[in-house]
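# A look at the structure
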Amino acid sequence: MIKTSASLLACDLADISGEISRCKAAKVDWIHFDVMDGRFVEQITYGSPVLKSVRAATDMFLDAHLMVEDPGSQIKFFAQAGADLIDFHIESRCEPASLLKEIRSLGIKSALAVKPATPIDVVYPYLELCDMVLVMTVEPGYGGQAFIPDTLDKIRALRSAADSRGLKDLDIEVDGGINDKTAPLVKAAGANVLVAGTGLFKAADMALANARLKAPQKGAPC
Ligand code: DX5
Ligand code: ZN
């Protein structure tokens, strides 16, 4: 089952609640909430108080992508604010196993994220503790960048590692430069959760753009 997650980074931030309504009407599955701290990446975006307001405005699944240097200090705030899933970067200052366990102990889904240059096998020791792995398909920090094709090999390797360990339900999310051209490539490689900011919010017809992202691969079950 292919799911889409709309990155609010590309929306009209002066009207977040209207933009989320647009996502719901377009049958987008999740809302992707990019948290940047000005340290792990250059920019600063928004934190858990904003996610709390988003939570109050929608019942959609909230996917919090923490691009922060010290995710351990933030997990409790995002869980309390109403995130349904928290992804943090393996390249951050963290002990992955204990943070993944902490996230699950708070009753929400856990995920590890990896930057394009990070070898995918660094997440393998933690797969059983992850509900999802986020494979970045651009360098984290900015929306609107071009998809990095080298990341396809990492997605394929990760899907094969998960399958060989019997982890059929592991979600593989891709984030960055996802549009109707790159979506078929990432889905064929084994990704099943597609984040799109520009590809959804800047589309002339969000519902059509979303349907194209979600279209099943030829010959694959939907
Ligand atoms: C980048 C963010 C992405 C970004 C995707 O650091 O993690 O979620 O908003 O934006 P697009 O879809 O425009 O590449
Ligand atoms: Zn993101």
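Everything here concerns the structure above.
Residues numbered from 1 in each chain as written. Chains lettered and ligands numbered in written order. Predicted model: local features only at pLDDT ≥ 70, side-chain atom pairs only at ≥ 80, totals over all residues. Heavy atoms only, no water.

### Things to note about the pairing of strand 3 (residues 61–67)
Buried residues dominate strand 3, accounting for 6 of its 7 residues. Note: strand 2 (residues 30–36) against strand 3, 7 bridges, orientation parallel. By the bridge assignment, His 32 is partnered in strand 3 with Asp 63. Note that the unit made of strand 2, helix 2 (residues 48–57) and strand 3 has a crossover that is right-handed. Since strand 3 and strand 4 (residues 85–89) lie parallel, the crossover through helix 3 (residues 75–81) that links them has a hand, and here it is right-handed. (Buried < 20%, exposed > 50% of the residue type's maximum accessible area, 1.4 Å probe, protein only. Helix = DSSP H or I, 4+ residues; strand = E, 2+ residues; numbered from the N terminus. Pairing = 2+ DSSP bridges. Right-handed = clockwise from strand over helix to strand, strands pointing away.)

### As for the site of ligand 1
Taken together, 20 residues are adjacent to ligand 1, and Ser 7, Gly 141, Asp 175, Gly 197 and Thr 198 come closest. In the environment of ligand 1, an oxygen atom lies 3.4 Å from a nitrogen or oxygen atom belonging to the side chain of His 32. Between ligand 1 and the protein, one listed contact pairs an oxygen atom with a side-chain N or O atom of His 65 at 3.2 Å. Those elements that place two or more of their residues in the shell around ligand 1 are strand 2, strand 3 and strand 8 (193–196). Ranked by residues supplied to the shell around ligand 1, first place goes to strand 2 with 3 residues. Broken down by class, the residue content of the shell around ligand 1 amounts to 8 nonpolar, 10 polar and 2 charged. (Near = heavy atom within 4 Å. Polar contact = N/O pair within 3.5 Å; in protein donor to acceptor, adjacent residues only side chain to side chain. Nonpolar A, V, L, I, M, F, W, Y, C, P; charged D, E, K, R; others polar.)

### With respect to the environment of Lys 115
Inspection of the secondary structure puts Lys 115 in the loop between strand 5 (109–114) and strand 6 (132–136). Here Lys 115 falls in the partly exposed class, since its relative accessible area comes to 23%. Remark: the alpha-carbon pair of Lys 115 and Leu 134, spanning 19 residues in sequence, is separated by 8.8 Å. Beyond its immediate stretch of four places on either side in the chain, Lys 115 contacts Phe 40, His 89, Glu 91, Met 136, Glu 139, Pro 140 and Lys 154. (Contact = heavy atoms within 4.5 Å.)

### Focus on the coordination of the zinc ion (ligand 2)
Protein-derived coordination of the zinc ion (ligand 2) comes from His 32 (NE2), Asp 34 (OD), His 65 (ND1) and Asp 175 (OD), at a distance range of 2.1 to 2.3 Å. Angles of 70 to 171 degrees at the metal separate the 6 donor atoms of the zinc ion (ligand 2), which places the site in the octahedral class. All donors to the zinc ion (ligand 2) come from one chain, and their sequence spacing reads H-x1-D-x30-H-x109-D. Placement of the pair is His 32 in strand 2 and His 65 in strand 3, with a sequence separation of 33 residues. Looking at His 32, the relative accessible area reads 0%, which means it is buried. (Donors = N, O, S within 2.8 Å, 3.2 Å for Na, K, Ca; no water. Tetrahedral: all angles 85-135°; square planar, octahedral: opposite > 155°, others 65-115°.)

### Topic: the environment of Lys 187
Tracing the backbone shows Lys 187 in helix 6 (residues 183–189). With a relative accessible area of 8%, Lys 187 lands in the buried category. Residues Lys 187 and Ile 44 lie 143 residues apart in sequence; the distance between their C-alpha atoms is 31 Å. A polar atom in the side chain of Lys 187 sits 2.5 Å from the backbone oxygen of Ala 215.

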